[in-house]
Amino acid sequence: MAKGQEDKQDKPVDDLNESEAKAEHERLSAEIRGHDQRYYQEDAPTVSDADYDALRQRLQAIEDAFPDLITSDSPTQTVGAAPSDAFAAVQHAVPMLSLDNAFSDEDVADFVARIRRFLRLSADDPLEFTAEPKIDGLSLNLRYENGALVVAATRGDGTTGEAVTQNARTIADIPTKLPKDAPERIEVRGEVYMTHADFRALNERMQESDGRVFANPRNAAAGSLRQLDSKVTASRPLKFFAYAWGEIPELPRETQSAMVGLFEDWGFTTNPLMRVCSSAEDLIAAYHEIEENRASLGYDIDGVVYKVDRLDYQRRLGFVSRSPRWAIAHKFPAEQATTVLNAIEIQVGRTGALTPVAKLTPVTVGGVVVSNATLHNEDEIKRKDVRVGDTVVVQRAGDVIPQVVKVLTEHRPKDAEPFVFPTECPVCGSHAVREVNPRTGKEDVVRRCTGGLVCPAQAVERLKHFVSRAAFDIEGLGAKQIEAFYEDGLVKTPADIFTLEARDKQNLKKLKDREGWGATSIKNLFAAIDSRRTIALRRFLFALGVRHVGDITAKILAESYGSWSAFEAAMTKLSEGDEQARHDLVAIDGIGDTVAEALAAFFAEPHNRQAVADLLQEVTPEDEVGRTVDSPVAGKTIVFTGTLEKMTRDEAKARAEAMGAKVSGSVSSKTDMIVAGPGAGSKLKKAQELGLEILDEDEWIALANGA
Ligand code: IVH
């Protein structure tokens, strides 16, 4: 970027004259279009969401001040980005979840067996499923009150979506009114998509008007639904299939298939290929039938979804972290393409992991241009004998990162050498080693840089993670700013972010002396930082960047411990080797040994504790309010022992957790209640000694059903 342009960028919008504003408007529009192109067409964004949003905000500010500059093709009129401020946020009454995947017949058989086991069904108890295409579009929640469509919201992050109500009203498959007999309040969910023919026609039109086209029908559907002007959406041929529901006071039907039938009666379009199946073999037959139809459907599908038909079974089965136990998506095989691997780049992540990335001659895989693909790790490179110059097969499945599947050795150049994986960190030069797991004695597949404290890649990646969307999500402080601040020594640790303003006030080196920072942007940055001084516990825990603690795990931990102080106390004990603390931790559904190990290691490390303590001087994590606080067992610790006859252990545990209880494997003074079936031994005895509340299975079931 030329120097003169940066100066202008620095200027508050209010200080721009008309010709400067025009030039700046053009520059920003071009830059945003470039990012849109990389994000939507190439699947390879080069800026963080925060940076992208900042560009859009500035463009918007310029248009607010100089309305003459608004043109119909301005990026402000064609929103096509990740959650933006353009649409009101909608908190979903019932989270919009994802589906677990099955890739083989065996996975399908396991799914059916798992459900039978969970529900304790005998071999001849009937168990039916629906099988229907998995539409490759975007899901939408439609809220009706007193028969009228009141809010339509996208999935967003599953908890919060964007309101696109006006736009949804323009879709012919979506009724704006429901018949009189529909419930007073109901949410219908389904998929918005675009047919191949409509997609091609739209792209032809777009090609003629401004030369920009969508990469695939899904992007076209998403871009069209997320338009600021619903007239634009109305001109785009969107379609909708109803297949699920959100909040609903009382279920009007007893099966999945009957619910979908009811939606059809109400005027929704439902998928004609849905059918009811009664065994794994039957599901697999339905899968092949749908697969055979795939090419002639006229719209994209990427698999077949199976759902338990009986809704009382669905209720009993419940959810595991973010997907229902009662449904699964049987995916079609991934799409593949052949290209040349030009280089292998080693990236260093936040945990020091050295990850090999294949730099490819760009190739289209299933409608998306791919130029990078993961090679996973050192062993994978060796196993596949991947060499620079090789012709390789890459594949892309759904939203996962493209990967190199195999090498076509017959095309290998004569001089291609085996790849030598570095044993030194390419960023800081420290040794990079493969740790040996103390328990299994096995070498870790990942080679890691040992320069934890000195390696800039790790420090910077940790900071970027800290400010990322599911973590602190500080507006105006994206990857680019973090890199610059780190380089200048302004921000070395998370706590430094929160002392920026105070230091800026006293300091010699002021933020405003930096290129690209004007008074307004600095003011906004400090305000954005301040607004994060209190933060949801789950975000706080995720932001710490503990290995294996992703956003879902962080949420589970936050919900189980409820407060930072409870979590901290448990982690201190855990890191000191306290067995009870470890027991309690791994008793939480969704938390296993790997996470426990990672947490113990993190909290045993003095410099991590110091960084957390420093951060807590600046930031307060908010207590997590339990999801089902009004149940009689919310917040209590329950131990199941002996044989349960009417419910499997898994189901009992899932039910207890769904009601906000913690389930532990051992009895201690912290146990609140024990449920003892026949054959209960030492745990029951201990509970009696401790004078704990003891329930038999029937009493437990009454309690569970009453809640
Ligand atoms: S059921 C509790 N049925 O797949 C989950 N989802 O991976 C309820 N999808 O976000 C979803 N076709 O966008 C369901 N026939 C179908 C679907 C479908 C596409 C999408 C949906 C969801 C994602 C989950």
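In the block above lies the structure referred to throughout.
Residues numbered from 1 in each chain as written. Predicted model: local features only at pLDDT ≥ 70, side-chain atom pairs only at ≥ 80, totals over all residues. Heavy atoms only, no water.

A. Looking closely at the site of the ligand. The environment of the ligand is formed by 14 residues, the closest being E132, I135, E191, Y243 and K307. I135 is positioned such that a nitrogen or oxygen atom in its backbone is 3.0 Å from a nitrogen atom of the ligand. For the ligand, whose accessible area on its own is 530 Å², the fraction buried by protein is 87%. When contributions to the shell around the ligand are tallied by element, the ones reaching two or more residues are strand 3 (129-135) and strand 10 (301-308). Broken down by element, the residue count for the shell around the ligand peaks at 4 residues, all from strand 3. Residues that form the shell around the ligand fall into these classes: 7 nonpolar, 2 polar and 5 charged. (Near = heavy atom within 4 Å. Polar contact = N/O pair within 3.5 Å; in protein donor to acceptor, adjacent residues only side chain to side chain. Areas by Shrake-Rupley, 256 points an atom, 1.4 Å probe, with all protein chains shown as cover. Helix = DSSP H or I, 4+ residues; strand = E, 2+ residues; numbered from the N terminus. Nonpolar A, V, L, I, M, F, W, Y, C, P; charged D, E, K, R; others polar.)

B. Main features of the pattern of salt bridges. Counted under the stated rule, the structure contains 42 salt bridges. Residues E187 and R189 are paired through a salt bridge, measuring 3.8 Å at the closest nitrogen-oxygen approach. Among the ionic pairs, K505 bridges to E501, the shortest N-O distance being 3.4 Å. Here K505 pairs with E501, and both are found in helix 15 (residues 494-506), just 4 residues apart, close to one helical turn. (Salt bridge = Lys/Arg side-chain N within 4 Å of Asp/Glu carboxyl O.)

C. The arrangement of the packing of helix 15 against helix 16 (residues 519-530) in detail. Between helix 15 and helix 16, the shortest axis-to-axis distance is 9 Å and the interhelical angle comes to 135°. On the basis of their axis angle, the class for helix 15 and helix 16 is oblique. The two elements helix 15 and helix 16 meet at a crossing, and its hand is left-handed. Two secondary-structure elements touch here, helix 15 through I497, F498, L500, E501 and D504 and helix 16 through F526, I529 and D530. (Axes fitted to C-alpha atoms, helices over the stretch in contact; angles between N-to-C directions. Parallel < 35°, antiparallel > 145°, perpendicular 65-115°, else oblique. Left-handed = near helix turned anticlockwise from the far one by under 90°. Contact = heavy atoms within 4.5 Å.)

D. Representation of unusual backbone geometry within the structure. One non-glycine residue, H376, adopts positive backbone phi at about 65°. Its place among the elements puts H376 in the loop between strand 16 (368-374) and helix 12 (378-384). By relative accessible area, which is 35% here, H376 ends up partly exposed. In this model, D385 sits at a positive phi of 50°, which is unusual for a non-glycine residue. With respect to the secondary-structure elements, D385 resides in the loop between helix 12 and strand 17 (391-396). (Buried < 20%, exposed > 50% of the residue type's maximum accessible area, 1.4 Å probe, protein only.)

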